[in-house]
Amino acid sequence: MPDDSSAAKAAASRAAVLRPDITAWVLYLTFTRISLSGFGGTLFWARRKLVDDLKWLSEAEFAEYYALGQVIPGANVFNMAVLLGHRFAGVRGATGAGLGFFSMPLFVVIGAAVLYQNFGAMPLVNKALTGMFAVVVGLTIANAYKMTAGLPRKWRPWIFTLLTFAAVGALRWPLVWVMLALAPVAIGFTWRETAALAADARARDGGAR
Amino acid sequence: MQQDDLSGMFWHYLLLAALAVGGLGSVIPDIQRYVVEQNGWFTARQFGEIYALSQVIPGPNVLIVTMLGWLVSGWQGALVVTIALFIPGSMICTMVIRAGAHNPEARVAVTVRRGLAPVVIGLSMSTAWVMFSTLTGDWRAAAVTLLSVVLVLRTRLNPLWLIGMGAAVGMLGVV
């Protein structure tokens, strides 16, 4: 939990810091660049551009925006783009950054779809796709394996993981129903766990929050 | 018929995007269920190929949905599903901004993140399972898959190289 000074700093960084040099157009171009360089995911390039190259954000701020983008449903980096765009240039900035994320890649993927439709069945192309797919399956397995390393060694999170896997992966039930059934319970349990933390913070902040 | 497909896709992807906490990648198993099992627009094999393609082209991986929409009903399909994909996030971002709730340390944000992490992991396991079961009976493809699992976990090779090697191996007729 943050102490008083870091809480104040965080509050300051959260307030809309309009930057006249970062216009909606600049945001559009920046996020177009980020999303077009996003081979195999855009997160890596977003951090590199926003933190390392442009220095619009500190490392910690980037992590904050990413965390926030993850809680909001949908594409994480898109949500981040919208929030950041708003911070720097208001509603126009949010629109510019959001559109930058997908407007140009839209044409790239449609181009790929056209190619797939016309050449996907050609023997050589088809063989290449089969080989690529075999590797991509391996990547999804490795990814799932790495993610489980982040689970705490407690039984309750594992039960939710296994229930989700059984319902969505093995039984192929529609995600909508599975999420509606599991998410409230999973969040409810965690809410109880964080109750102690929250009480702690309130005591320390002296009711300031 | 086509109009039905369009509005069906719109609502389905809108709902999925609204549920996709932790990223759209986690709803891939349900997208497969929707386009392969429920509607029969693609075979499991085709879906796998399209998924593999979406991983290697520049751009956000979530735009696999745009590819699927285009293949089902052309430009209209691509536009409709892409818009559906970004509506929930935009709306909730707007609410977060309006409410001034920009704080990722807030208890609600922490709880949602921490509470849903196991579910998101279960979904990524589901993706792996659904994709792996597409390889049914093809032991050479399964061998390539297992080899790439080992390479990803044991080396620091860029996954794009691995996918490129997969293409080469495929073209040589090994798989």
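All of these numbers come straight from a predicted model, not from anything done at the bench. (Residues numbered from 1 in each chain as written. Chains lettered and ligands numbered in written order. Predicted model: local features only at pLDDT ≥ 70, side-chain atom pairs only at ≥ 80, totals over all residues. Heavy atoms only, no water.)

1. Thoughts on the nonpolar core
The biggest cluster of nonpolar side chains holds 106 residues, and the ones touching the most others in it are Leu50(A), Tyr13(B), Ile31(B), Phe47(B) and Phe86(B). The dominant element in this core, judged by the number of residues it contributes, is helix H5 (residues 76-119) of chain A, at 18 residues. Among residues more than four places away in sequence, those in contact with Phe47(B) are Ile28(B), Ile31(B), Gln32(B), Val35(B), Val36(B), Phe42(B), Ile64(B), Leu68(B) and Met131(B). Ranked by size, the runner-up nonpolar core spans five residues in total, among them Ala144(A), Ile121(B), Met125(B) and Ala128(B). (Core = buried A, V, L, I, M, F, W, Y, C linked by side-chain atoms within 4.5 Å. Buried < 20%, exposed > 50% of the residue type's maximum accessible area, 1.4 Å probe, protein only. Helix = DSSP H or I, 4+ residues; strand = E, 2+ residues; numbered from the N terminus. Contact = heavy atoms within 4.5 Å.)

2. Remarks on the environment of Tyr13(B)
Residue and element names in this part refer to chain B. Mapped onto the elements of the fold, Tyr 13 is located in helix H1 (residues 2-19). Among the residues examined, Tyr 13 registers a relative accessible area of 1% and is labelled buried. Between the alpha carbons of Tyr 13 and Ala 84 there is a distance of 5.9 Å; along the sequence they are 71 residues apart. Residues in contact with Tyr 13, not counting those within four places in the same chain, are Ile 31, Tyr 34, Val 35, Val 65, Leu 68, Val 81 and Ala 84.

3. Observations regarding the packing of helix H6 (residues 123-148) of chain A against helix H3 (residues 44-56) of chain B
Closest axis-to-axis distance for the H6(A)/H3(B) pair is 8 Å, and the angle between their directions is 75°. Classified by the interaxial angle, the pair formed by H6(A) and H3(B) is roughly perpendicular. For the pair H6(A) and H3(B), the contacting residues are Asn126(A), Leu129(A), Thr130(A), Met132(A), Phe133(A), Val136(A) and Thr140(A) in the first and Arg45(B), Gly48(B), Glu49(B), Tyr51(B), Ala52(B), Leu53(B), Gln55(B) and Val56(B) in the second. (Axes fitted to C-alpha atoms, helices over the stretch in contact; angles between N-to-C directions. Parallel < 35°, antiparallel > 145°, perpendicular 65-115°, else oblique.)

4. Some points on the pattern of salt bridges
Residues and elements named next belong to chain A. This model, assessed by the stated rule, comprises eight salt bridges over all chains. With a closest N to O distance of 3.0 Å, Arg 19 and Asp 21 form a salt bridge. Given the relative accessible area of 49%, Asp 21 is considered partly exposed. One salt bridge in this structure joins Asp 52 and Arg 47, with 2.9 Å as the shortest N-O distance. When its relative accessible area of 34% is taken as the criterion, Asp 52 is described as partly exposed. Here Arg 47 falls in the partly exposed class, since its relative accessible area comes to 27%. Via salt bridges that share partners, Arg 47, Asp 52 and Glu 59 belong to a single interconnected network. (Salt bridge = Lys/Arg side-chain N within 4 Å of Asp/Glu carboxyl O.)

5. Overview of unusual backbone geometry
All names here are of chain A. A positive phi is found at Lys 55, a non-glycine position, where the angle reads about 55°. As for its position among the elements, Lys 55 is in the loop between helix H3 (43-53) and helix H4 (59-71). Look at Lys 55 and you get exposed, because its relative accessible area is 60%. Phi at Arg 172 takes a positive value of approximately 55°, unusual for a residue other than glycine. Note on placement: Arg 172 falls in the loop between helix H7 (155-170) and helix H8 (175-205). On the accessibility criterion, Arg 172 (16% relative accessible area) is buried.

6. What about the packing of aromatic side chains?
For any two aromatic rings, the description comes down to two numbers: the centre-to-centre distance and the angle of the planes. One pass over the structure, following the stated rule, counts 13 aromatic pairs over all chains. Taking the centre distance of 5.5 Å and the plane angle of 70° together, the rings of Trp56(A) and Phe88(A) count as edge-to-face. Here Phe88(A) lies in helix H5 and Trp56(A) lies in the loop between H3 and H4, a separation of 32 residues in the sequence. Like Trp56(A), the residue Phe88(A) is buried in the burial classification. Plain terms: the ring middles of Phe107(A) and Trp75(B) are 6.4 Å apart, the flat faces sit at 55° to each other, and that makes the pair tilted. Remark: Trp75(B) occurs in helix H4 (residues 64-98) and Phe107(A) occurs in helix H5; the pair is interchain, linking two chains. Each member of the aromatic cluster is reached from another via a ring pair, and the members are Phe78(A), Phe101(A), Phe102(A) and Phe86(B). (Phe/Tyr/Trp six-rings, centres within 6.5 Å; stacked < 30°, edge-to-face > 60°.)

7. Comments concerning a nonpolar patch on the surface
Taken together, Leu36(A), Met104(A), Phe107(A) and Trp75(B) make up a surface patch of nonpolar side chains, about 390 Å² in accessible area. A relative accessible area of 36% places Met104(A) in the partly exposed class. (Patch = residues over 30% accessible without salt bridge, like charges linked within 9 Å, V, L, I, M, F, W, Y side chains within 5 Å. Areas by Shrake-Rupley, 256 points an atom, 1.4 Å probe, with all protein chains shown as cover.)

8. What about the packing of helix H2 (residues 28-38) of chain B against H3(B)?
Residues and elements named next belong to chain B. Between H2 and H3, whose axes approach to 10 Å, the crossing angle comes to 135°. With respect to H3, the axis of H2 lies oblique. At the point where H2 passes H3, the crossing takes the right-handed sense. Of the residues in H3, those in contact with Ile 28, Ile 31, Gln 32, Val 35 and Val 36 of H2 are Ala 44, Phe 47 and Tyr 51. Looking at the contact of H2 with H3 residue by residue, the class counts come to seven nonpolar, one polar and no charged. (Left-handed = near helix turned anticlockwise from the far one by under 90°. Nonpolar A, V, L, I, M, F, W, Y, C, P; charged D, E, K, R; others polar.)

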